[in-house]
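# Fold and contact review
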Amino acid sequence: MTSFLSFISARSEDPSWKWSCEEGACKKMKHEPGSSGQALSLEACKMFCNEYGLLWPRPTGYTDLGRFLSKININNIELQIEKRGRSDNLMNAAGQRFKKLVSLAVPSGITPKATGKSVYVYLVNENPDITDFSIDFDESYTLRVSPESNDRINATIVGNNFFGIRHGLETLSQLIVHDEIKNHLLMVRDVTIDDKPVYPYRGVLLDTARNYFSIDSIKETIEAMSSVKLNTFHWHITDSQSFPFVSKRRPELTKYGAYSPSKIYTEEMIRDVVEFARVRGVRVLPEFDAPAHVGEGWQETDLTVCFKAEPWSSYCVEPPCGQLNPTKEELYDVLQDIYTDMAEVFPSDLFHMGGDEVSERCWNSSRQVQEFMEENRWGLEKASYLQLWNYFQNKAQDRVYKAFGKRIPLILWTSTLTDYRHVDKFLNKDDYIIQVWTTGEDPQISGLLQKGYRLIMSNYDALYFDCGFGAWVGTGNNWCSPYIGWQKVYENSPKLMAQNHQDQILGGEAALWSEQSDSATLDSRLWPRAAALAERLWAEPATTWREAERRMLNVRERLVRKGIKAESLEPEWCYQNDGYCYA
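Residues numbered from 1 in each chain as written. Predicted model: local features only at pLDDT ≥ 70, side-chain atom pairs only at ≥ 80, totals over all residues. Heavy atoms only, no water.

## What to know about the UniProt feature "domain: Beta-hexosaminidase eukaryotic type N-terminal" (unreviewed entry) in the chain
When the UniProt feature table is mapped onto this chain numbering, "domain: Beta-hexosaminidase eukaryotic type N-terminal" (unreviewed entry) sits at residues 55–175. Here residues 55–175 is 24% helix and 34% strand, with 7 Å between the C-alpha atoms at its ends. (UniProt positions renumbered as here; feature names shortened; annotations may be inferred. Helix = DSSP H or I, 4+ residues; strand = E, 2+ residues; numbered from the N terminus.)

Spelled out as structure tokens, the structure:
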């Protein structure tokens, strides 16, 4: 493994340590002064010591990283857009971000030597007018890196749209490391990568209603998502505890529902987040959870039932309770106004309608609802309230289509309404995508797949990142304990859950419900565990977390260099001594 170092000149002071790749592991060893061998830095060793080097997520197609590193000059990196179109602004912004990523490879306070080869990056966007997300669009790219001359390296990225190009730039940035021994930037010189994701939907859900999250913290989350090619930020923006979304058409909801006038999300703030995310290849998916999970902000509307009902445990799963009253015809005008406000600031190709944890006990506590049920001859049994829920869902669905001006695909959480034994009586499989939050062994998964429904996997036993902390109602630990380690996240395979119906799995999503989290704890709750999800959904690897562990440690270090306060996984000693911390 020393052939690619012959071009690196020796440092004036010999280093104390060097690394050598032996049987797929970088071994730390003392560097003897005056020895004839070149000293190899840790990240340079890791780049060639396994099939995928330091790449995360691992590519899905042909991957050849060659055997050579070249010094490059950080001041001589040029990007050229080969085809022009409506995506030019996005391409330019992604190019500037790429240069910043390269600079982040250098430790803080260090100025690398400004010598080495220049790098020319050619971006070939085959469809330069595509700027919008689609659940079935092509995120593939090819990357080729080769020497052009003694003083220049060419890198060419070809993608079918901007989003593929963006992924290629992300991969290219991971092929550049800082050699702390020689104080140079080094770049892999001979590269061929063909890559595309297995699943089109790769997400993170953030609940900003239980606790408020700053716009800066949301942007940092999206930045981290982009670095591992996650592509959907699912914004659970309202709930029964607060209504921080500023509705232009219904401003009283935020006036009475926000925690304070400063803890809101305005049109300008949301547009800023949406464009920030688009440059990073991330769609921002809004969710307005209904008909349950409403309360604060709706006090003056007379459109809810059981808000703040006590004892709360008799009406809902956490305080405060609250559900919309489907019998009120004026409710649907309010909903259309909210949907329209969201459609104007969230130009998403999908819309999430919630549908989580609807309680028939809550509705049954209202005499007005009972009378409506009796008038329709539905009865007052527990199962009868599915008729009321379906009544609400049909009317709300129609209002969503009017707000967005098209039949946009809709997402609902698994619930009693989506039970596979009767779901097709209520929800058209061509209209709805079901997001599974129950366990990965739930028979609902196979039942829904057999009936032709498309699924997004968020099974709580592997993908609820709020699990494993102290209870906030009652004593002991919270309801979904224990804590979920990155290894379990990595091995949570949609393919295994789907069996013969993998093509109906759109992907998956890690969820951070925020009863016990806010901006101060956000990074450590999500990262680096969400990176484990990212590789599972991008590559669906047949191998286990053990084969990924050494690259995972590097991902965590990369996130920290970007300012993400990612949780530490192991002592740094393990990072410097491959293979000793796991048998």
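Still more ground to cover, so stick around.
## A word on the sheet that holds strand β20 (residues 505–512)
What links the strands of a sheet is backbone hydrogen bonding, and the strands pair in either a parallel or an antiparallel sense. Strand order around the closed barrel formed by eight strands is β11-β12-β13-β16-β17-β18-β19-β20, with parallel pairing between neighbours. This sheet shows a mean twist of 30° between the axes of neighbouring strands, independent of strand direction. Of the pairings in the sheet, the one linking strand β11 (residues 201–207) to strand β12 (residues 232–236) comprises five bridges and is parallel in character. Across the sheet, residue Val204 finds its bridge partner in β12, namely Phe233. Strands β13 (283–290) and β16 (351–354) of the sheet are contacted by helix α7 (residues 330–345), whose axis makes an angle of about 170° with β13. In this fold helix α10 (residues 385–404) packs onto β13, β16, β17 (410–413) and β18 (432–436), with an angle of close to 155° to the strand it touches most, β16. (Pairing = 2+ DSSP bridges. Axes fitted to C-alpha atoms, helices over the stretch in contact; angles between N-to-C directions. Contact = heavy atoms within 4.5 Å.)

## Topic: the side chain of Asn183
In this structure, Asn183 sits in the loop between β8 (176–179) and β9 (184–188). Contact partners of Asn183, with chain neighbours within four places excluded, come to Ile110, Thr111, Pro112, Lys113 and His178.

## Things to note about the packing of aromatic side chains
If you walk through the whole model with that rule in mind, you get 33 aromatic pairs. Measuring from centroid to centroid gives 6.3 Å for Phe243 and Phe288, while their planes differ by 65°, and the two rings are edge-to-face. In this pair, Phe243 sits in the loop between β12 and α5 (252–257) while Phe288 sits in strand β13, placing the two residues 45 residues apart along the sequence. Taking the relative accessible area as the measure of exposure, Phe243 reaches 1% and is therefore buried. (Phe/Tyr/Trp six-rings, centres within 6.5 Å; stacked < 30°, edge-to-face > 60°. Buried < 20%, exposed > 50% of the residue type's maximum accessible area, 1.4 Å probe, protein only.)

## Focus on helix α18 (residues 545–561)
With 17 residues, α18 extends 23 Å between its outermost C-alpha atoms, agreeing within 8% with the 24 Å of an ideal straight helix rising 1.5 Å per residue. Within α18, the axis deviates most sharply at Arg551, by approximately 35°. Inspection of α18 places Trp545, Ala548, Glu549, Arg551, Met552, Leu553, Asn554, Val555, Arg556, Arg558 and Leu559 among the buried residues, and these make up the whole buried set. Buried residues along α18 sit in contact with α1 (42–48), α4 (215–227), α14 (486–490), α17 (529–539) and α19 (572–576). Directly after α18, the chain includes Gly563, whose backbone phi takes a positive value near 95°. (Expected span 1.5 Å × (residues − 1). Bend = angle between axes of the 7 residues up to and from the residue.)

## Considering the environment of Gly295
Within the secondary structure, Gly295 is located in the loop between β13 and β14 (304–305). Residue Gly295 is classed as buried on the basis of its relative accessible area, which comes to 1%. The spatial distance from the C-alpha of Gly295 to the C-alpha of Phe243 is 8.4 Å, given a sequence separation of 52 residues. The contacts of Gly295, once residues within four sequence positions are left out, are Asp239, Ser240 and Phe307.

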